[in-house]
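Below are the chains, spelled out letter by letter.
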Amino acid sequence: MSEQVQNVMSVRNLSKVFKSGVFKPKYTVAVQDVSFDIKPGTIISLIGESGSGKTTIGKLILKLIKPSSGKIYYKGKDIEEIRNKDELKEYYKKVQGIFQDPFATFNPLYRVDRIFDMIYDSFGYDKSNKEERIHQVLQDVNLVPERTLGKFPHQLSGGQLQRLLIARALLMDVDVLIADELISMLDASTRIGVLNLLVELTEKKGMSVIFITHDLNLGYYISDESLIMYKGRLVESGDTKKIYESPVHPYTKMLFNSVPEIGKRWDPEEEFLPEQVIKDVEEFYKENAGKGFAAAGENHYVLYSID
Amino acid sequence: MAKEFWKKHENLYYAITNKKVIFGLTIFILVILLAIFGPMLTPYEYDEYAGAPYSPPSRQHLFGTNIMGQDVFTMTVYGLRTTLIVGLIAGTIATIIGCVVGFLAGYYGGSWFDEILMSLTNIFVVIPQLALLIILSAFLEVRGIMVMSIIVSATAWPWLARAVRAQTLSLRNQDYVNLSRISSLKVPRILREDIASNMFSYIFMSYILQFNGTMLATVQLEFLGLGPTKGISLGLVMQNAVNWNAIQLGMWWWGIIPGLILTVMITALYFVNTGLDAAFNPRLREM
Ligand SMILES: Nc1ncnc2c1ncn2[C@@H]1O[C@H](COP(=O)(O)OP(=O)(O)OP(=O)(O)O)[C@@H](O)[C@H]1O
Ligand SMILES: [Mg+2]
């Protein structure tokens, strides 16, 4: 338990099964038995293919959906016990997210300024320097306030909307930021700026970032630790350098092998087929039966088997 | 002061300055005025012998007279009144039922409650509308305006319920609702600003469509001889005209004028509908 207090966020055996339909229900296992910790002031990247459950983990942490089983602790406190309005407000003051699709994150009927107004209304920030502060954070993300404020969402580009959401998060003094495909819509130069901003915030203010991405290079560039997801399970986690330099799980190995390299031609012979990966993973689990989720080295964990 | 007001009620401003809305609404209001004041302007009763039969439109008989010498203008304005009232009542009932069922089903989407509501709705959807109307009408021997309205609205609500359910379901899972939630916005404000306001224009327009739809359904029923057993309505006027072969006998004014008024009014409402769509949706506003 003391270990959990030290971490700003601890996830234990988290699972989420989506159920749709009543008469003939269909079940989707989105997240299965995932455990990890987030230390203060670190960036942890959450990597996995489309549909592997990354966004679902983010939404579970943000209490937007309920877990099917498992626990999430924020500074040692089970977040399921946060129920009343005031406690929830305190939680959201400190745990925030930036969603994957910037177009869907803005109510089309309101001007974009609403995202700032909402947090000022809810969290009781000092309004006397509101405009100044908003202009400041907009400049931080390379936006011209006069050209963005007062606009409707459809009048701005995806990248601009995404930066507005980043600015919103910057306005708040958060402990944990869940950044879902954060910079996917930004051009190279803005990307670097935003990434450096994040790194600066983690260093200066001790903010932790869960950086969801499927860009491996980006994950390597930015994160202290990494989580590799495969079909809803966490298959490898720990120190970024260790995972990238000596991956153990067959899925992780495949992932690093399939990164295109400059100067190397695409060779269909080398292409990993999904069926091949499934087979390799199955075999790996069989060979290591009984080991479960275990350490492969210091701060390096691997899912050896699923029994 | 005025500027502040319009800033707050931007949608209203865009709505009442939209050309299509102005055009459609003007015509619609003229038709309403005709229904309200028409009966006062005419010296005749709708069922009395008012003048020489077969008369084409003239100063005494604006829309001419029919084969029995009844004044077509008088019949039309009285009929318009009934048809409008039935459309209004039936449209309102259908919209309310459709919205309540749809919203509840969508809000509790995926639950038993949702499943039951939707099964019920689907039963109503697959029943052929006209067949149900004919059967119901045949059983009820005395039919007044209210009964007519209920009969018509019984088959008009299901499509709206399904559409509203789909809307609620998708709005509930929108990321902007999630953003409001992690911004600790109060629930009533989320319901109002994120859910209801995104549905308002849709419901408002559905209401117009329901009004049109139920009016047409009413006229259809009347035309088949299943209309109100007493009184007059636009459908009855047209039915009579057809029964008496008005067009073949050269009395175009008997059947065509009432139909034309109905067509013009429904078209006007479609203009209002598309105009409002543009006004409520910032994306469609003409810059
Ligand atoms: N509300 C929902 N209802 C039913 N199934 C869902 C729901 N949300 C997600 N899923 C399913 O859960 C699985 C994981 O989805 P999730 O969005 O977490 O993936 P992801 O890793 O974020 O993918 P991507 O990289 O494409 O964003 C998918 O199979 C998805 O279809
Ligand atoms: Mg995702």
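Residues numbered from 1 in each chain as written. Chains lettered and ligands numbered in written order. Predicted model: local features only at pLDDT ≥ 70, side-chain atom pairs only at ≥ 80, totals over all residues. Heavy atoms only, no water.

**Quick word on the pairing of strand S10 (residues 233-239) of chain A**
All names here are of chain A. Let me state the cut-off plainly: Partly exposed residues are those whose accessible area sits between 20% and 50% of the maximum for their type, while under 20% is buried and over 50% is exposed, using a 1.4 Å probe and protein chains only. Helix numbering and strand numbering both begin at the N terminus, where a helix is a DSSP run of H or I of at least 4 residues and a strand a DSSP run of E of at least 2. At least two DSSP bridges between two strands are needed for those strands to be called paired.
With respect to burial, S10 is a largely interior element, six of its seven residues being buried. Linking strand S9 (residues 225-230) back to S10 in an antiparallel pair, the connection comprises two residues, with Lys231 at a positive phi of about 50°. As defined by bridge partners, S10 adjoins strand S12 (residues 300-303) across three bridges and the pair is classed as antiparallel. Pairing of Glu236 across the sheet is with Val302, part of S12.

**Side note on the site of ligand 1**
Residues and elements named next belong to chain A. Where we set the bar: When we say a residue is near a molecule or strand, we mean one of its heavy atoms is within 4 Å of it. Here a polar contact is taken to be a pair of N or O atoms separated by no more than 3.5 Å, where protein atoms must pair a possible hydrogen donor with a possible acceptor and residues adjacent in sequence count only if both atoms sit in side chains. Areas reported here follow the Shrake-Rupley algorithm with a probe of radius 1.4 Å; residue values treat only the protein chains shown as occluding.
Within the structure, ligand 1 sits among 13 residues, and Ser50, Lys54, Thr55, Thr56 and Gln100 are positioned closest to it. Within the side chain of Thr55, a nitrogen or oxygen atom sits 2.6 Å from an oxygen atom of ligand 1. Residue Gln100 places a side-chain N or O atom 2.8 Å away from an oxygen atom belonging to ligand 1. In isolation ligand 1 has 640 Å² of accessible area, and contact with the protein removes 64% of it. Elements with a contribution of two residues or more to the shell around ligand 1: strand S2 (26-38) and helix H2 (54-61).

**As for the interface of chain A and chain B**
Defined as follows: Whether two residues touch is decided by their heavy atoms; if any such pair falls within 4.5 Å, the residues are in contact. Two parts lose some accessible area (1.4 Å probe) when they are put together, and adding that loss for both gives the buried area. One speaks of a salt bridge when a side-chain nitrogen belonging to Lys or Arg is within 4 Å of a carboxyl oxygen belonging to Asp or Glu. Only Asp, Glu, Lys and Arg are considered charged, only Ala, Val, Leu, Ile, Met, Phe, Trp, Tyr, Cys and Pro nonpolar, and every remaining residue, Gly among them, polar.
At the junction of the two partners, chain A supplies 33 residues and chain B supplies 27 residues. Between chain A and chain B, the buried area comes to about 2700 Å², and carbon and sulfur atoms account for 57% of it. In this structure, the connection of chain A to chain B is made through four salt bridges. Where Asp121 of chain A meets Arg189 of chain B, a salt bridge forms, and the shortest distance between an N and an O atom there is 3.3 Å. One can count 14 residue pairs in polar contact (both at pLDDT 80 or more) joining chain A with chain B. The greatest single-element share of the side of chain A that touches chain B, amounting to seven residues, is contributed by helix H4 (residues 114-123) of chain A. Each residue belonging to the side of chain A that touches chain B can be placed in one class, and the counts come to 18 nonpolar, eight polar and seven charged.

**Re the confidence of the model for chain A**
Put simply, the rule is: pLDDT expresses how confident the predictor is about each individual residue, on a scale running from 0 to 100.
Counting all residues, the mean pLDDT for chain A is 90, and 93% of those residues have values of 70 or more. Within chain A, H2 of chain A carries the highest mean pLDDT (97), whereas helix H1 (residues 2-6) of chain A carries the lowest (56).

**Some thoughts on the side chain of Ser10 of chain A**
Tracing the backbone through its elements, the reader meets Ser10 of chain A in strand S1 (residues 9-20). Side-chain polar atoms of Ser10 of chain A contact the side chain of Asp37 of chain A, separated by 3.0 Å.

**Focus: the packing of helix H4 (residues 72-107) of chain B against helix H11 (residues 252-280) of chain B**
Residue and element names in this part refer to chain B. Applicable threshold: With axes taken as lines fitted to C-alpha atoms, and helix axes fitted only over the stretch in contact, angles between N-to-C directions fall between 0 and 180 degrees. In this scheme the handedness of a crossing depends on how the near helix is turned from the far one: anticlockwise by less than a right angle means left-handed, clockwise means right-handed.
In the contact formed by H4 and H11, the axes pass within 10 Å of each other and the chain directions differ by 35°. In the packing of H4 onto H11, the handedness of the crossing is right-handed. Contact with H4, carried on its side by Val72, Met75, Thr76, Leu80, Thr83 and Leu84, involves Trp253, Trp254, Pro258, Ile261, Leu262 and Met265 of H11 and no other residues of that element. Residues belonging to the contact of H4 with H11 are distributed by class as follows: ten nonpolar, two polar and no charged.

**Here's the deal with the coordination of the magnesium ion (ligand 2)**
Using the following cut-off: Coordinating N, O and S atoms are those within 2.8 Å of the metal (3.2 Å for Na, K and Ca), and as water is not part of the atoms, a site may appear to have fewer donors than expected.
Only Thr55 of chain A (OG1) and Gln100 of chain A (OE1) from the protein coordinate the magnesium ion (ligand 2), and they sit 1.8 to 2.3 Å from it. Placement of Thr55 of chain A in helix H2 and of Gln100 of chain A in the loop between strand S6 (95-98) and H4 is noted, with a sequence separation of 45 residues between them.

**Points about the packing of aromatic side chains**
Note the cut-off: In this scheme Phe, Tyr and Trp rings, the latter by its six-membered ring, pair at centre separations within 6.5 Å, and the angle between planes marks the pair as stacked below 30 degrees, edge-to-face above 60, and tilted otherwise.
Under the counting rule described, the total for this entry stands at 18 aromatic pairs over all chains. Note on Phe293 of chain A and Tyr301 of chain A: the rings are 6.1 Å apart at their centroids and 15° apart in plane angle, and the pair reads as stacked. Residue classification places Phe293 of chain A among the partly exposed positions, given a relative accessible area of 37%. Seen in terms of ring centroids, Tyr108 of chain B and Phe113 of chain B are 5.9 Å apart; in terms of plane orientation they differ by 80°. Their pairing is edge-to-face.

**Quick word on H2 of chain A**
For H2 of chain A, the buried fraction is high: seven of the eight residues fall into the buried class. Along H2 of chain A, the positions that sit buried rather than exposed are Lys54, Thr56, Ile57, Gly58, Lys59, Leu60 and Ile61 of chain A.

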